[in-house]
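What follows is each chain in one-letter form.
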Protein chains: 2
Amino acid sequence: MTKPMPTTDDLLCFALYSTSHAMMRLYRPLLAPLGLTYPQYLVLVALWDRDGRSVGDLGEQVALESNTLTPLLKRMETAGLINRRRGAQDERVVTVHLTDAGSALKDKAAEVTACVFQATGLSLEEVADLRARVEALRHKIEAAG
Amino acid sequence: MTKPMPTTDDLLCFALYSTSHAMMRLYRPLLAPLGLTYPQYLVLVALWDRDGRSVGDLGEQVALESNTLTPLLKRMETAGLINRRRGAQDERVVTVHLTDAGSALKDKAAEVTACVFQATGLSLEEVADLRARVEALRHKIEAAG
DNA sequence: CCTTTTTGTATCGCGTGCGATATAATCGTA
DNA sequence: TACGATTATATCGCACGCGATACAAAAAGG
């Protein structure tokens, strides 16, 4: 007897897909007052960690290629959150720098993170463990690709 | 002394976001020969489980509202995978039915699932456990929303 | 029986993720 | 020194996820 066809509830990919979207829906009303979209927020988190880095380097951290990142950064530049500068040494390289406005959002974002953490209903240990496992999965998938 | 600002590697939301995208990138070349996009595949999985259901009911299972689902179903109808019918009893309700072509993809999709499972490098138990925890998180987030 | 409320789906506009491709700059090699 | 290969970013077109809103049909209430 063959195993029955899995439905969406059996698929890890669906759990990741739907939970990631649920997380975005949770963040969105908290970020909107800061004038931020969810992907912009993630990019800022990376820049608060390390400012003045190349598009490629930033793309590595946020796992996005330049075809997604460049338009996103342009919108953030238009919003006054960052500046982009083309390298003098290597004119292919564009570096991304936080503006004062971009830096100033760091503290507000900390409040957002706290709100979201509370909404998960998980302990710090549970969050850390689940996060590590999900990330480990991504590394395996990327290695397989 | 305050705890340092978390970076992307510390955020569960980023792990979900980036791993979900990595999963999509893994599926895409496997689904493309079947003429399917990733969200279309997830919808088919739900329909293979239960055919002939309303847009709203289907939306509940795939966690998508009608503003996303209706355009997606229209594209699938254009591709000959499904048919949509408006109810005679209740003219507000639209039901979605698999076509022969849509049903026929079920077996091919099983092969895709097997490929993807192998790429994760996880055991069946690990997949099931991780899936359950991620799904539980989604339920908590949705309850908080 | 009529009006208001609720429900189900659809449309609009925007942000964004990605395959494919283009452009320009740098590097490596003969 | 010149040319081909490689690298970094940018553009294009499309799919899709969602807030906001519209429209039509059914249900509820007076």
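Counting starts from 1 at the beginning of each chain's written sequence and moves along it residue by residue. Chains carry letters from A onward and ligands carry numbers from 1 onward, assigned in written order. Thresholds applied to this predicted model are a pLDDT of at least 70 for local features of residues and 80 or more for the giving and counting of side-chain atom pairs; totals over whole chains, interfaces and linings are not thresholded and use all residues. Note that water and hydrogens are dropped before the side-chain values are worked out from all heavy atoms of the structure.

### Examining the sheet that holds strand β2 (residues 82–86) of chain A
All names here are of chain A.
Moving on, step 1. A sheet is described by the order of its strands in space; here 3 strands give the open sequence β1-β3-β2, paired in antiparallel fashion. Two strands lie at the open edges of the sheet, namely β1 (53–54) and β2, each paired on one side alone.
Moving on, step 2. Taken together, the 2 bridges between β1 and strand β3 (residues 94–98) define a ladder with antiparallel strand orientation. Looking across to β3, one finds that R53 is bridged to V96.
Moving on, step 3. Those strands touched by helix α4 (residues 66–78) are β2 and β3, and its axis lies near 120 degrees from that of β2. In short, DSSP must find at least two bridges between two strands for them to pair. Secondary structure elements follow DSSP: runs of H or I no shorter than four residues count as helices, runs of E no shorter than two count as strands, and numbering proceeds from the N terminus. Two residues form a contact once any of their heavy atoms are found within 4.5 Å. Each axis is a line fitted through C-alpha atoms, taken for helices only over the stretch in contact, and angles between the N-to-C directions span 0 to 180 degrees.

### Description of the interface of chain B and chain A
Moving on, step 1. Contacts between the two partners involve 55 residues from chain B and, on the opposite side, 55 residues from chain A.
Moving on, step 2. Interface of chain B and chain A: buried area, both sides summed, is about 5300 Å²; carbon and sulfur atoms make up 70% of it.
Moving on, step 3. The salt bridge definition used is simple: a Lys or Arg side-chain nitrogen within 4 Å of an Asp or Glu carboxyl oxygen. At the junction of chain B and chain A, the tally comes to 4 salt bridges.
Moving on, step 4. Put simply, R25(B) and E142(A) hold a salt bridge, and the shortest N to O gap is 3.5 Å. Buried area adds together the accessible area that both of two parts lose upon being put together, with accessible area traced by a 1.4 Å probe.

### Remarks on the nonpolar core
Moving on, step 1. The term nonpolar core refers to a set of buried residues drawn from Ala, Val, Leu, Ile, Met, Phe, Trp, Tyr and Cys, joined through side-chain atoms within 4.5 Å. To sort residues, take the accessible area from a 1.4 Å probe on protein chains only and compare it with the maximum for the residue type: under 20% means buried, over 50% means exposed, and anything in between is partly exposed. By size, the foremost hydrophobic cluster in this structure holds 98 residues, and its most contacted members are M23(A) and M23(B).
Moving on, step 2. Look past the residues within four positions of M23(A) in its chain and what remains in contact with it is Y38(A), V116(A), L12(B), C13(B), L16(B), L137(B) and I141(B).

### Topic: the protein's contact with DNA strand D
Moving on, step 1. In this text, near means that some heavy atom of the residue lies within 4 Å of the molecule or strand in question. Taken together, 27 residues lie around DNA strand D, and Y17(A), R25(A), T70(A), K74(A) and T37(B) are the ones closest in.
Moving on, step 2. Counting only the atoms of DNA strand D that lie within 4 Å of the protein, the sugar and phosphate share comes to 71%.
Moving on, step 3. Here a polar contact means two N or O atoms within 3.5 Å. Within protein one must be a hydrogen donor candidate and the other an acceptor candidate, and residues neighboring in sequence count only if both atoms are side-chain atoms. Here a phosphate oxygen of DNA strand D and a side-chain polar atom of K74(A) are 2.7 Å apart.
Moving on, step 4. N67(B) is positioned such that a nitrogen or oxygen atom in its side chain is 2.9 Å from a base nitrogen of DNA strand D.
Moving on, step 5. Where the surface near DNA strand D is concerned, the elements lending two or more residues are α1 (12–31), α3 (55–62), α4 and β2 of chain A together with α2 (38–49) and α4 (66–78) of chain B.
Moving on, step 6. Grouping the constituent residues of the surface near DNA strand D by class yields 6 nonpolar, 11 polar and 10 charged. Only Asp, Glu, Lys and Arg are considered charged, only Ala, Val, Leu, Ile, Met, Phe, Trp, Tyr, Cys and Pro nonpolar, and every remaining residue, Gly among them, polar.

### Looking at the packing of helix α6 (residues 124–144) of chain A against helix α1 (residues 12–31) of chain B
Moving on, step 1. At a minimum axis distance of 9 Å, the contact between α6(A) and α1(B) shows a crossing angle of 25 degrees. As judged from the angle between their axes, α6(A) and α1(B) are roughly parallel. For α6(A) against α1(B), the interelement crossing comes out left-handed. Counted together, V127(A), L130(A), R131(A), V134(A), E135(A), L137(A), R138(A), I141(A) and E142(A) of α6(A) and L12(B), F14(B), A15(B), L16(B), S18(B), T19(B), A22(B), M23(B), R25(B) and L26(B) of α1(B) form the full contact between these two elements.
Moving on, step 2. Partitioned by chemical class, the residues of the contact of α6(A) with α1(B) number 12 nonpolar, 2 polar and 5 charged. Oblique is the label for every angle not falling under 35 degrees (roughly parallel), over 145 degrees (roughly antiparallel), or within 65 to 115 degrees (roughly perpendicular). Left-handed describes a crossing in which the near helix is turned anticlockwise from the far one by less than a right angle; the clockwise case is right-handed.

### Description of the relation of the copies chain B and chain A
Moving on, step 1. We superpose the copies by least squares over the C-alpha atoms of residues that have a pLDDT of at least 70 in both of them. Screw-axis analysis of chain B against chain A gives a translation of 0.0 Å along the axis, an RMSD of 0.0 Å, and a rotation angle of 180 degrees. With respect to symmetry, the two chain copies, as superposed, fit the operation of a two-fold axis. Minimal C-alpha separation from the rotation axis in chain B is found for L16(B), amounting to 3.0 Å.
Moving on, step 2. When you check the interface residues of chain B against chain A, 100% turn up at the interface there too, and the contact is symmetric in its surfaces.

### Looking at the UniProt feature "domain: HTH marR-type" (unreviewed entry) in chain A
Moving on, step 1. Following the UniProt record, one finds the feature "domain: HTH marR-type" (unreviewed entry) at residues 9–139 of chain A.
Moving on, step 2. The annotated region residues 9–139 of chain A carries 69% helix and 9% strand content, and the separation between its end C-alpha atoms amounts to 23 Å. UniProt positions are given in the numbering used here, feature names are shortened, and annotations may be inferred rather than shown by experiment.

### What to know about the environment of E126(B)
Residues and elements named next belong to chain B.
Moving on, step 1. Assignment of secondary structure puts E126 in helix α6 (residues 124–144).
Moving on, step 2. Residue classification places E126 among the partly exposed positions, given a relative accessible area of 39%.
Moving on, step 3. Between the alpha carbons of E126 and R25 there is a distance of 21 Å; along the sequence they are 101 residues apart.

### Brief notes about the protein's contact with DNA strand C
Moving on, step 1. Contacts to DNA strand C come from 27 residues, most closely from T37(A), Y17(B), R25(B), T70(B) and K74(B).
Moving on, step 2. By atom count, sugar and phosphate contribute 71% of the portion of DNA strand C lying within 4 Å of the protein.
Moving on, step 3. N67(A) has a polar side-chain atom sitting 2.9 Å from a base nitrogen of DNA strand C.
Moving on, step 4. Between a phosphate oxygen of DNA strand C and a side-chain N or O atom of Y17(B), the distance comes to 2.6 Å.

### Points about the environment of L11(A)
Moving on, step 1. Assignment of secondary structure puts L11(A) in the segment before α1.
Moving on, step 2. Other than its neighbours up to four places away in sequence, L11(A) contacts P6(A), Y41(B), L42(B), V45(B), T113(B) and R131(B).

### Looking at the pattern of salt bridges
Moving on, step 1. One pass over the full model with this rule turns up 16 salt bridges over all chains.
Moving on, step 2. Ionic pairing is found between D90(A) and R92(A), a salt bridge with its closest N-O pair at 3.0 Å.
Moving on, step 3. For D90(A), a relative accessible area of 28% translates into the label partly exposed.
Moving on, step 4. Each of R25(A), R138(B) and E142(B) takes part in a single network of salt bridges with overlapping partners.

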